[in-house]
Structures are given as structure tokens and as C-alpha cells.
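Notes for the structure review
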Amino acid sequence: MTAGNPDPLVTGPRDPEHDASATLAFEPEYAAALTQRVTSSSGESAVVISPLTGQPLAHVPQSSNDDVAEAFRRARRAQVAWARTSLDQRAEALLRLHDLVLDRQDEIIDLIVWESGKARKHACDEPLHIALTARYYARTAHKHLDSERRLGVIPTLTRIDVNHVPKGVVGIISPWNYPFTMALCDGIPALMAGNAVVIKPDAQTMLSALLAAELLEEAGIPRDLWQVVAGPGPEIGAAIIGRADFVCFTGSTATGRLIAKGCAERLIGCSLELGGKNPILVLRDADIEKAAEGAVRASYSNAGQLCVSTERMFVADQVYDRFVDRFVARTEAMTLGATLDWGNDMGSLISENQLVAVQAHVDDAVAKGAVVRTGGRARPDLAPYFFEPTILEGVTPDMACFGSETFGPVVAVYRFHDEADAIARANEGEYGLNGSIYSQDGARARAMARQIKCGSVNINEAFGATFGSLDSPMGGMRESGLGRRQGAEGIRRYTETQAVGTQRLIRFAPMFGMSDAAYAKVMTASLRLMKKLGRP
Ligand code: NAD
């Protein structure tokens, strides 16, 4: 895709430092080559539309139920050999992936922008996050996966080893919003732990996921170990749940419930990364400029189509007016555009459906009395599904955007007088993914964080501090999910914990002609002694 004529449909300012002539064209042959990686024999295909233009980008072959079965057969065969490789061999492949992703980031970012319509600066986070993930799991694999010794019941005579053995074949169902990141970030630890993967990316962003598969193979991951299937979520999702040893799902809470039910039926585990209605608290001692800058990133990264982005801001009375003025000013200073260059602060929504949903939330709020401080309109002059970054005041519980996730660039700002009340309001609803606190008193903010019912809380930052720290577990409380990605939790979820006990000299039964009653007495005395000795 790096050569050819500039696409006449792509308009807007271009950054001369970025080699526009090398990136503004989209070659159908490039997409067609990627689509060969889908396990498909159905003869059917589905179109991928570019939000930059509203025009078709590629036709992706679709998988049937039989194709999914074939993908699992291949993956299972490949996993047996893969599980025998050493952690160091797997780590080498991940470190090669790290380099490949950084070396080819221009190509990766171009494809992400073509498929998702997001601003280049938001697409750029995706290869960076994958490089971080690959390096983290390559370098920490021994720490998370090596067998460990645990306490045996009889000191020195009972030895317990705990092994972390791979589950087998992991099914991954991923969304469209971070199509390259979501295609890889959960799969990397699955591979590192010795599993194979069958992945069903979202239909709107198949190409980014297929490029991810190509890069994995180039890094040395056997092709059969990573199977990509395509098709409608309910059908292909069910075909995956019916065969996988573990399911990793990222998407909406509604679909997450269905996945959990399907997995419960088969008694297999799953991790669910779901929606959020993430709050930010700006305390009276906050650095207002920092908070306003953070609020822009928190609300408009990827046009708000980010699970951890904020849609609710609670601001202390004393700083409310100053903060909102600065937030509005910074929002209005943003450069908007759906082009491939670096000039844009925010890009397009992904699809017409998404545009309709965002517009509906804003229209409903306005009809019921909310005030639009800035934004509030679709911008078809920029791209077919473009919506302005929008700040609302006066949002009330009867409005749809009060408690339901908008998943767009729309944020409601609320005033608070009392911090306990702000925490209670931040904890309203059933979500619990990410929260932020802006305050110059880090210790006080950290203490307050414990009261926020969210899986991650960032202090003086939107979400990057936790999301970018790969050692930090990431996931939701309440209806925002089950399980965690990243950190030890993110890799151990793909393993079974196996205990191996080795017993020496003494057995767990009366010995030397001892009666059962005498044995019970000896055991009772031993237990009392162990407690006295401080043994756990
Ligand atoms: P969605 O649940 O409709 O789709 C997500 C994936 O699930 C897609 O691949 C889709 O094809 C598949 N799917 C749909 N129905 C299915 C079914 N019945 N069985 C199996 N698979 C099915 O979500 P969406 O609306 O496309 O994505 C946006 C949502 O994802 C938002 O709510 C957002 O908060 C959430 N999200 C969460 C995270 C996170 O890490 N917590 C990250 C990104 C997105």
C-alpha cells in the first residue's frame, strides 16, 4: 500500500514531514493479499468501508462453522509442538515482533487510519502499545510462568511444586476501536504461555488484524498457531465458544453477558473487557491547566471510542468555572480532520451506526434541557461519520447520556461541593472500568482512589499511566468486566495452575502399628506445635 496515486478523496492539511506521497494511496492488492490469511472456504465475502471516504476498502472472505472447526484443528496441532518450546524461544519471537512493529509502524498506522478513520496520533498508540506488550511479556515470562515451590504440609518431607500449564487453544473476540492493539495485546501473553489462538476480529477492521497476523508469522510464530476467522459475531462467536479452552472477549457489556453464558455452559473460563462510563474528579487543589489538557485526551482520544475514555467530569465548585473555560478553549482549539497525516487532533467515528448513536445521545440531552458548551454537531464536510468534540452541562438522570455509554466524543461536566458526594456520584451506575483524579496532593488522591469502584484509577493523568504500564493489571469492576489483561493476571489467565506434591518418608496414614486414635493424637499435637512455631 505504499505506492500509487494519492487518493483524491482524502483532503485536509498535510504534514510535509510525513511522506504523504508514500502513504496517501490505498492499494486494493495490498488488502487482497492480507485477506488470504482468513481461514475461509465459504466463497462468501463482506465489505470493509473506510470512514475516511465512506467507500469500500476491501472484501474479506467469510468463515463458515466448518472453517472455524478447521481453524481449531490446525491450532490444536500447532499448539502441541509450541507448548514444548522453551520460554526463551517464545520470548525471542516476541522481541522480533517488537522490532518489526516499530520498524513498520508507518504502514501499520496508515492501515489503522484507513480502516478506523481515527487521527494519526491516536493510531500511533497502537504499534507502540504492542511493542510494549511484546517486550513486557518476553522479559517477564520466567517471573510469571516458572514453576514455584509452595509450602508442604510436613516441613521438608512434603514438597509442593506449582506449574502454570497452557490452557490449549484460546479464542479471542476483539472489537474495532483499537483494531491492531486489540488483535494482539491479549494474544501475545496467550502465545507466551504456550497456547494457540483462534481470533475473530470485528468485521469493520479485519485488515489491521490480518496485518497483525502477518507480522506474527514474520516474527517466527508458526502460521497455524494463530488462526484468523471472519464473520458475524453471533455465529462465529458461538462457533469459537463451542470449541475454545478459554475465551478472551473485548466489547460491549451486552455481548459480554452472552459470552459469559456460553462459557458457563461449557465450564470454560473467560475474561471480559467491557464498557465504561468513566469519571474524572477535578479536586479544588488541582492544577487546572494540567486537568484541562488531560480532559481533552481523556474525552477525545480516538473520538471517545475508547473503553477507558471519560464521559463524566466532576469538578470542585471552587475551580469549576476556570476549569470549564479552559476545557472548552482547549477543545475549540483542536484541529479536526479525517486524513492520514499528523495534523489532526481528532478523527472520525468508525461508522454510520456510531454516528447515529452519538447524535442520538446529544439530541436527547439537548431536548431535555442540557446545554452544549461546545460541539454538538456532525461534520459531514470533514468525513461522512465525523462528530465534533462536545461538552455538555446540565445533564440529568433522565437523559440517555447520563448513565449509558456514548462511546463517542461527548462529555458531561458536573459541579460538586463535597468530595464524599463527588465520589458517590462517580460510583453511580453499574460500570467500573477507569477513573481519574486531578489533585496536587498525590497521597490524598491515592487514598481517595481506593473508594472509586473502578479497575484502574489514574492520578493527574487520563488513562495512560495504568494502561501504558504493562505490569499494571487492567480491567473492570462490576459490569465493566471479569478478569484482567496486562501484568501477571494477564498471562496467568491463559494457564491452568497445577499442583504436584512429592511425599518422602512419612505417609498420611498411621505407621509403625499405630492405631487410628493414636495417629489422630499425634496429628493434633503436631498441629498445635506448628501454630506455636508460627508456621502459616
Ligand atoms: P460488540 O460487543 O458489539 O462487538 C465486539 C466483538 O464481539 C466484535 O468482534 C463482534 O463481532 C463480536 N460479537 C458481537 N455479537 C457477538 C455475539 N453474540 N457473540 C460473540 N461475539 C459477538 O461491541 P462494539 O459495540 O462493537 O464495541 C464497542 C464496545 O466495546 C464498547 O462498549 C466499549 O466500551 C467496549 N470496549 C471495551 C474495551 C475494554 O478493554 N474494556 C476495549 C474496547 C472496547
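To be clear, the structure that these remarks concern was listed above.
Structural notes, computed from the coordinates. Note that the structure is predicted; figures quoted are calculated from it, not measured.

Examining the overall build of the protein
Counting its regular elements, the protein contains 21 helices and 18 strands. Over its C-alpha trace the protein gives a radius of gyration of 26 Å, about what one expects of a compact globule, namely 24 Å for 536 residues. For the protein, the spread of C-alpha atoms along the three principal axes comes to 90 × 60 × 40 Å. Buried positions account for 55% of the 536 residues belonging to the protein. Within the protein, residue pairs in contact and separated by at least 24 positions form 73% of the contacts whose partners lie at least 6 positions apart. For the protein, the exposed surface amounts to about 22,200 Å²; the carbon and sulfur share of it is 53%. The centroid of the 56 positive side-chain charges in the protein is displaced by 12 Å from the centroid of its 64 negative side-chain charges.

Digging into the pairing of strand β2 (residues 56–61)
Here 5 bridges tie strand β1 (residues 45–49) to β2, and the two strands are oriented antiparallel to one another. Bridging from a neighbouring strand, V47 pairs with H59 of β2. Taking the residues that link successive antiparallel strands as the turn, the β1-β2 hairpin has 6 residues, and the phi of G54 there is positive, at about 75°.

Considerations on the sheet that holds strand β6 (residues 196–200)
Backbone-to-backbone hydrogen bonds pair the strands of a sheet. The strands run either parallel or antiparallel. Sheet architecture is open: 6 strands sit in the order β7-β6-β5-β8-β9-β17, paired in mixed fashion. On the outer flanks of this sheet lie β7 (226–228) and β17 (481–482), each paired with one strand and no other. When strand β5 (residues 169–173) meets β6, the two strands line up parallel, connected through 5 bridges. Residue V170 lies in a different strand from β6, and its bridge partner there is V197. Where helix α3 (residues 65–83) meets the sheet, it contacts β5, β6 and β7, and its direction lies at approximately 155° from that of β6.

A closer look at the pairing of strand β10 (residues 278–282)
The buried count for β10 comes to 5 of 5 residues, which makes it a mostly enclosed element. Burial of β10 is two-sided: the residues N278, I280 and V282 facing one way and the residues P279 and L281 facing the other way are all buried. Relative to strand β11 (residues 310–316), β10 runs parallel, the two sharing 5 bridges. When the sheet's bridge partners are listed, L281 is paired in β11 with F314. Between the parallel elements β10 and β11, the chain passes through helix α13 (residues 288–300) in a crossover that is right-handed. The sheet contact formed by β10 and strand β15 (residues 434–438) spans 3 bridges and is parallel. For I280, the partnering residue across the bridge sits in β15 and is S436.

Quick word on the nonpolar core
Core analysis: the biggest nonpolar cluster contains 159 residues, and V282, M313, F323 and F327 have the highest contact counts within it. Tallying contributions element by element places helix α10 (residues 206–219) first for this core, with 10 residues. When residues of this core are assigned to domains, at least three map to each of domain 1 (63–274) and domain 2 (278–470). If near-sequence neighbours (up to four positions away) are discounted, F327 is found in contact with A292, A295, V296, S299, Y300, M313, I391, V411 and V413.

Focus: helix α11 (residues 233–241)
If you check which residues of α11 are buried, you get I236, G237, A239, I240 and I241. Along its buried surface, α11 packs onto α3, β5, β6, β8 (246–250) and α12 (253–266).

Examining the packing of helix α5 (residues 105–116) against helix α7 (residues 125–145)
The N-to-C vectors of α5 and α7 enclose an angle of 125°; their axes lie 9 Å apart at closest approach. When the axes of α5 and α7 are compared, the pair comes out oblique. The residues of α7 that touch α5, namely those facing Q105, I108, I109 and I112, are E126, P127 and L128. Classifying every residue of the contact of α5 with α7 gives 5 nonpolar, 1 polar and 1 charged.

About the criteria used
Residues numbered from 1 in each chain as written. Predicted model: local features only at pLDDT ≥ 70, side-chain atom pairs only at ≥ 80, totals over all residues. Heavy atoms only, no water. Helix = DSSP H or I, 4+ residues; strand = E, 2+ residues; numbered from the N terminus. Rg over C-alpha atoms; globule rule 2.2 N^0.38 Å. Buried < 20%, exposed > 50% of the residue type's maximum accessible area, 1.4 Å probe, protein only. Contact = heavy atoms within 4.5 Å. Areas by Shrake-Rupley, 256 points an atom, 1.4 Å probe, with all protein chains shown as cover. Lys, Arg positive; Asp, Glu negative; His and termini not counted. Charge placed at Lys NZ, Arg CZ, Asp CG, Glu CD. Pairing = 2+ DSSP bridges. Axes fitted to C-alpha atoms, helices over the stretch in contact; angles between N-to-C directions. Right-handed = clockwise from strand over helix to strand, strands pointing away. Core = buried A, V, L, I, M, F, W, Y, C linked by side-chain atoms within 4.5 Å. Domains from an automatic or database assignment. Parallel < 35°, antiparallel > 145°, perpendicular 65-115°, else oblique. Nonpolar A, V, L, I, M, F, W, Y, C, P; charged D, E, K, R; others polar.

None of this, on its own, says anything about what the molecule does.
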